[in-house]
Amino acid sequence: MVPELTVLALAGVLLLVHVFAAIHFKTKQYGVEWNMGARDEDTPPLNDVAARLDRARGNFLETLPLAIIALGGVVVAGKATELTAIAAWVWLGARAVYLPLYWAGIPKIRTYVWAVALVALLYALGVLLLD
């Protein structure tokens, strides 16, 4: 399998980590009955850790479609190269580092790591559009 598709498959695993981490801490705060219920009731604000994990999950979900377009696109278009593979791995590595940084509430470095991930995707998108 080409590296870009391997990275996208592993991104699916990372998505599950995001989802399960966020819901674990929400359930810890609101309880199992909330988790297994319709979740229609108003709930108090999330505690700091649960809120950060929820925001990190949301951020990953916002950028994952761009990764699918850019990395999947270079493969489908026959434009995958060693550099697009490196960009894919850089993106995935940065996104994997981003989660614990956000979880721990580490500012600034988290944003720099996010920017590295974005630049990697923009490179692949540029290859798809301009190469």
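Please refer to the structure higher up on the page.
The following refers to the structure shown. Note that the structure is predicted; figures quoted are calculated from it, not measured.

Conventions and cut-offs
Residues numbered from 1 in each chain as written. Predicted model: local features only at pLDDT ≥ 70, side-chain atom pairs only at ≥ 80, totals over all residues. Heavy atoms only, no water. Helix = DSSP H or I, 4+ residues; strand = E, 2+ residues; numbered from the N terminus. Buried < 20%, exposed > 50% of the residue type's maximum accessible area, 1.4 Å probe, protein only. Contact = heavy atoms within 4.5 Å. Areas by Shrake-Rupley, 256 points an atom, 1.4 Å probe, with all protein chains shown as cover. Lys, Arg positive; Asp, Glu negative; His and termini not counted. Charge placed at Lys NZ, Arg CZ, Asp CG, Glu CD. Patch = residues over 30% accessible without salt bridge, like charges linked within 9 Å, V, L, I, M, F, W, Y side chains within 5 Å. Salt bridge = Lys/Arg side-chain N within 4 Å of Asp/Glu carboxyl O. Axes fitted to C-alpha atoms, helices over the stretch in contact; angles between N-to-C directions. Parallel < 35°, antiparallel > 145°, perpendicular 65-115°, else oblique. Nonpolar A, V, L, I, M, F, W, Y, C, P; charged D, E, K, R; others polar.

## Some details on the overall build of the protein chain
Broken down by element type, the protein chain carries five helices and zero strands. For the protein chain, the N- to C-terminal ordering of α and β elements is α-α-α-α-α. Expressed as lengths along the three principal axes of its C-alpha atoms, the size of the protein chain is roughly 50 × 30 × 20 Å. Expressed as a percentage of its 131 residues, the buried residues of the protein chain come to 36%. Sequence separation of at least 24 residues holds for 74% of the intrachain contacts in the protein chain that already meet a minimum separation of 6. Surface accessibility of the protein chain: about 7,400 Å² in total, with carbon and sulfur atoms responsible for 69%. Taking the 10 positively charged and 10 negatively charged side chains of the protein chain as two groups, their mean positions are separated by 7 Å.

## Description of a nonpolar patch on the surface
A cluster of nonpolar side chains, contributed by Leu 83, Ile 86, Val 90, Val 116 and Tyr 123, occupies part of the molecular surface with about 420 Å² of accessible area. Listed by contribution, the elements that provide at least two residues to the nonpolar patch are helix H4 (82-103) and helix H5 (109-130). The leading source of residues in the nonpolar patch is H4, at three residues. Note on placement: Ile 86 falls in helix H4.

## A few points about the side chain of Asn 59
Structurally, the position occupied by Asn 59 is in helix H3 (residues 48-76). Relative accessible area serves as the criterion here: at 14%, Asn 59 is assigned to the buried category. Once you skip the residues sitting within four places of it in the chain, Asn 59 turns out to touch Arg 95, Tyr 98 and Trp 114.

## Points about the side chain of Arg 52
By the element assignment, Arg 52 lies in helix H3. The buried charged residue Arg 52 lacks any salt bridge, with Asp 48 as its nearest oppositely charged partner at 4.7 Å. Among all residues touching Arg 52, those that are not within four sequence positions of it are Tyr 102, Trp 103, Ala 104 and Gly 105.

## Observations concerning the environment of Leu 99
Residue position: Leu 99 is located in helix H4. Sequence separation of Leu 99 and Leu 130 is 31 residues, and the distance between their C-alpha atoms is 31 Å. Non-local contacts of Leu 99, meaning those with residues more than four positions away in its chain, are made with Val 17, His 18, Leu 53 and Ala 56.

## Focus on the pattern of salt bridges
Applying the stated rule across the entire model yields two salt bridges. Of the charged contacts, one joins Lys 26 and Asp 54 as a salt bridge, the two residues approaching to 3.2 Å between their closest N and O atoms. Separated by 28 residues along the polypeptide, Lys 26 in helix H1 (residues 3-30) and Asp 54 in helix H3 bring together distant segments of the chain. By relative accessible area, which is 18% here, Lys 26 ends up buried.

## Some details on the packing of H1 against H4
Their axes nearest at 9 Å, the elements H1 and H4 cross at an angle of 10°. Comparing the axis directions of H1 and H4 gives the class roughly parallel. Contact residues: Pro 3, Glu 4, Thr 6, Val 7, Leu 10, Ala 11, Leu 14, Val 17, His 18, Ala 21 and Phe 25 in H1; Thr 84, Ala 85, Ala 88, Trp 89, Trp 91, Leu 92, Arg 95, Ala 96, Leu 99 and Trp 103 in H4. Taken together, the residues of the contact of H1 with H4 sort by class into 16 nonpolar, three polar and two charged.

In short, geometric facts, not functional conclusions.
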